[in-house]
Amino acid sequence: LAALAIPAFNTVRNTTLEKTIVNDGRLIGAAIQQVAMESGDSECDVTFTAGAGGAASTWVVTSANGGSYPGSLSQGVNGTTVTDLDINTGTFNLDHAQYDNSNTKYGNAQAGTDGLTFTATGVPTPTAVTTTTDG
């Protein structure tokens, strides 16, 4: 029975963690768009600050032309600070220490962590899937 339950539990856990990361990414992407629209700047910075004593990490999107938009990440989610992120082509990364991307929708782990890459608009970028057929 455990042989059936443990893999199913891991799949549910990974899906939940992935949805948490994706939701945080979309919130940051919306903030990037808001700052870009209000400041008229096509580039911005996304800065992440680790929470002390187990508290959630925080983020802030800023523009050189002024304007900022702060927020908090979900518990356990971390981000990599990006400077001069271009609204059209920039990307940022989020990860979670317990996230295993081996059986999830967006299979693009970052080097050294299991996380997701997002476009500047907060859309996760999935890795291309290669399929083979027997010939």
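Residues numbered from 1 in each chain as written. Predicted model: local features only at pLDDT ≥ 70, side-chain atom pairs only at ≥ 80, totals over all residues. Heavy atoms only, no water.

Re the overall build of the chain
Using the following cut-off: Only DSSP runs of H or I with at least four residues qualify as helices, and only runs of E with at least two residues qualify as strands; both kinds are numbered from the N terminus onward. Contacts are assigned to residue pairs that have any heavy atoms within 4.5 Å of one another. To measure how exposed things are, a 1.4 Å probe is used in the Shrake-Rupley method; for residues, cover is taken only from the protein chains shown.
Helix and strand content of the chain: one helix and seven strands. When the helices and strands of the chain are placed in sequence order, the string is α-β-β-β-β-β-β-β. The long-range share in the chain, meaning contacts at least 24 apart out of those at least 6 apart in sequence, stands at 53%. Accessible area for the chain stands at about 7700 Å²; split by element, carbon and sulfur atoms hold 54% of it.

Quick word on the nonpolar core
Under the convention used in this document: The criterion is simple. A nonpolar core is a set of buried Ala, Val, Leu, Ile, Met, Phe, Trp, Tyr and Cys residues joined through side-chain atoms within 4.5 Å. With a 1.4 Å probe rolled over the protein chains alone, any residue whose accessible area is under 20% of its type maximum counts as buried; one over 50% counts as exposed, and the rest are partly exposed.
One finds Ile28, Ile32, Val61, Leu85, Phe92 and Leu94 to be the most contacted residues of the largest nonpolar core, which totals 25 residues. Secondary structure elements with two or more residues in this core: helix H1 (2-39), strand S1 (43-49), strand S2 (58-62), strand S5 (82-86), strand S6 (91-96) and strand S7 (115-119). If we skip the residues at most four places from it in the chain, Val61 touches Ile28, Ala31, Ile32, Val35, Cys44, Asp45, Val46, Gly67, Ser68 and Tyr69.

A look at the side chain of His96
Short version of the rule: Between N or O atoms, a polar contact is any pair within 3.5 Å; within protein, one atom must be a potential hydrogen donor and the other a potential acceptor, and residues adjacent in sequence are included only when both atoms are from side chains.
In this fold, His96 is placed in strand S6. A polar side-chain atom of His96 sits 3.0 Å from the main-chain amide nitrogen of Gln98. Apart from the residues within four sequence positions on either side, His96 is in contact with Leu17, Ile21, Gln75, Gly76, Val77 and Asp114.

Digging into the sheet that holds S7
We apply this condition: A strand pair is defined by DSSP finding two or more bridges across the two strands. Axis definition: a line fitted to C-alpha atoms, over the contacting stretch in the case of helices. Angles run 0 to 180 degrees between N-to-C directions.
Reading across the sheet, the three strands line up as S4-S6-S7 and stay open at both edges, with antiparallel pairing between neighbours. This sheet does not close on itself; its edge strands, each paired only once, are strand S4 (77-79) and S7. Geometrically, the sheet is characterised by an average inter-axis angle of 25 degrees between neighbouring strands, direction not taken into account. In this sheet, S7 lies alongside S6 in antiparallel orientation, the contact comprising five bridges. Within the sheet, the bridge partner assigned to Asn93 lies in S7 and is Thr117.

Structural notes on the packing of aromatic side chains
What characterises a pair of aromatic rings is the spacing of the ring centres plus the angle enclosed by the ring planes. Worth spelling out the cut-off: Here a Phe, Tyr or Trp ring, Trp counted by its six-membered ring, pairs with any other such ring whose centre lies within 6.5 Å, and the pair is stacked when the planes are under 30 degrees apart, edge-to-face when over 60, and tilted otherwise.
Scanning the entire structure with this criterion turns up two aromatic pairs. Ring geometry for Trp59 and Tyr69: centres 6.2 Å apart, planes at 5 degrees, overall stacked. Taken together, the residues Trp59 in strand S2 and Tyr69 in strand S3 (residues 68-72) connect sequence positions ten residues apart. A residue is classified by how much of its surface remains accessible, and Tyr69, at 38% relative accessible area, is partly exposed.

Quick word on the pairing of S6
Here S4 pairs with S6 via three bridges, running antiparallel. Of the residues in S6, the one forming a bridge with Val77 is His96.

Some remarks on the sheet that holds S3
If you trace the four strands from one edge of the open sheet to the other, you get S3-S2-S1-S5, paired in antiparallel fashion. On the outer flanks of this sheet lie S3 and S5, each paired with one strand and no other. Shown here is a sheet whose adjacent strand axes are inclined to one another by a mean of 20 degrees, direction ignored.

Some words on unusual backbone geometry
The backbone of Asp84 shows a phi angle near 55 degrees, a positive value even though the residue is not glycine. Within the secondary structure layout, Asp84 lies in strand S5.

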